[in-house]
Amino acid sequence: MDLSHATAVITGGNRGLGRHLAAQLTERGAKVYAAARRPETIDLPGVVPLLLDVTDEHSIHAAARIASDATILVNNAGIFTGATLVAGATDAIRREMETNFYGPLATTRAFAPVIAANGGGAILNILSVLSWAHPAAAGSYSASKAAAWALTDATREELAPHGITVSGLYVGYMDTDMAEGVPAEMKSDPAEVAAQALSGIESGLPEILADALTRQVKQALSAAPSMA
């Protein structure tokens, strides 16, 4: 896919990985709608701020009407509450699932017809190594990302006849606000991750594995489960 002629909508485009994706796409010549719940926080030159809350259907459909020229959707917005599945607050678990699974599902349903009407394009879901590894301490987040992994695979098959490729970006810790408390040596540079993601979209890769940890975990999926 030629990104220089693309029009992209990036949820959570005001900070972290989303901001890097917006900046790099703009540098490549693409038109970029940087979407956020508070579009006034978007300060990147050359992008179009767009009000979009992935937990609000009315907001999503309004954004799809505004960005009617979209050919790429990047489902980047997400949250991490730290809730465990048994002892964690049910409200936190629901909020994580609403944002990390139902959010990308709702935006995909709203924007897929737009992208198809514009001749096809791509959807990129920002996932996690925790789509595949499920530590108890991040049980809620892992469950939401595992669900988003299934969403990615199923919509890839469903949307292929409409000329839309669906890719998943899988990554461990990045140097963003969400991983503020993680030691620096364990975190990837989000600018490098963004570059890998865009290369993956260009090549139509179904899975983009952004770091060594993620590649190791993916390779180990066929191993026997631990008895610990």
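Residues numbered from 1 in each chain as written. Predicted model: local features only at pLDDT ≥ 70, side-chain atom pairs only at ≥ 80, totals over all residues. Heavy atoms only, no water.

The chain has the name SDR family oxidoreductase in an unreviewed UniProt entry, where Cryptosporangium minutisporangium is given as its organism. UniProt, in its Sequence similarities (unreviewed entry) section for the chain, records the words "Belongs to the short-chain dehydrogenases/reductases (SDR) family." (UniProt positions renumbered as here; feature names shortened; annotations may be inferred.)

Asks: Please clarify how empty space enclosed by the protein should be interpreted in this entry.
Replies: Once rolled over the atoms, a probe with the size of a water molecule shows which space is left empty. Within this structure, the stated rule accounts for one cavity of 30 Å³ or more. In this structure, the largest cavity occupies an estimated 40 Å³ of space. Taken together, Asn75, Ala77, Asn100, Pro104, Asn125, Ile126, Leu127, Lys145 and Ala148 make up the full set of residues lining the largest cavity. Put simply, the parts of the chain that give the lining of the largest cavity at least two residues each are α3 (90-117), β5 (121-126) and α4 (139-159). (1 Å grid on protein atoms, 1.4 Å probe; cavity = no way out; pocket = protein on both sides within 12 Å on 5 of 7 lines; lining within 4 Å. Points joined across faces, edges and corners; volume = space filled by probe spheres on them. Helix = DSSP H or I, 4+ residues; strand = E, 2+ residues; numbered from the N terminus.)

Asks: Which parts of the structure should I look at to understand the pattern of salt bridges?
Replies: Between side chains of opposite charge, pairing is possible as soon as their charged atoms come close. Applying the stated criterion across every chain, the model contains six salt bridges. Among the ionic pairs, Arg28 bridges to Glu202, the shortest N-O distance being 2.9 Å. Here Glu202 lies in helix α5 (residues 190-203) and Arg28 lies in the loop between α1 (16-27) and β2 (31-36), a separation of 174 residues in the sequence. One salt bridge in this structure joins Lys31 and Asp69, with 2.8 Å as the shortest N-O distance. Of the two residues, Lys31 is situated in strand β2 and Asp69 in the loop between α2 (57-66) and β4 (72-75); the sequence distance between them amounts to 38 residues. (Salt bridge = Lys/Arg side-chain N within 4 Å of Asp/Glu carboxyl O.)

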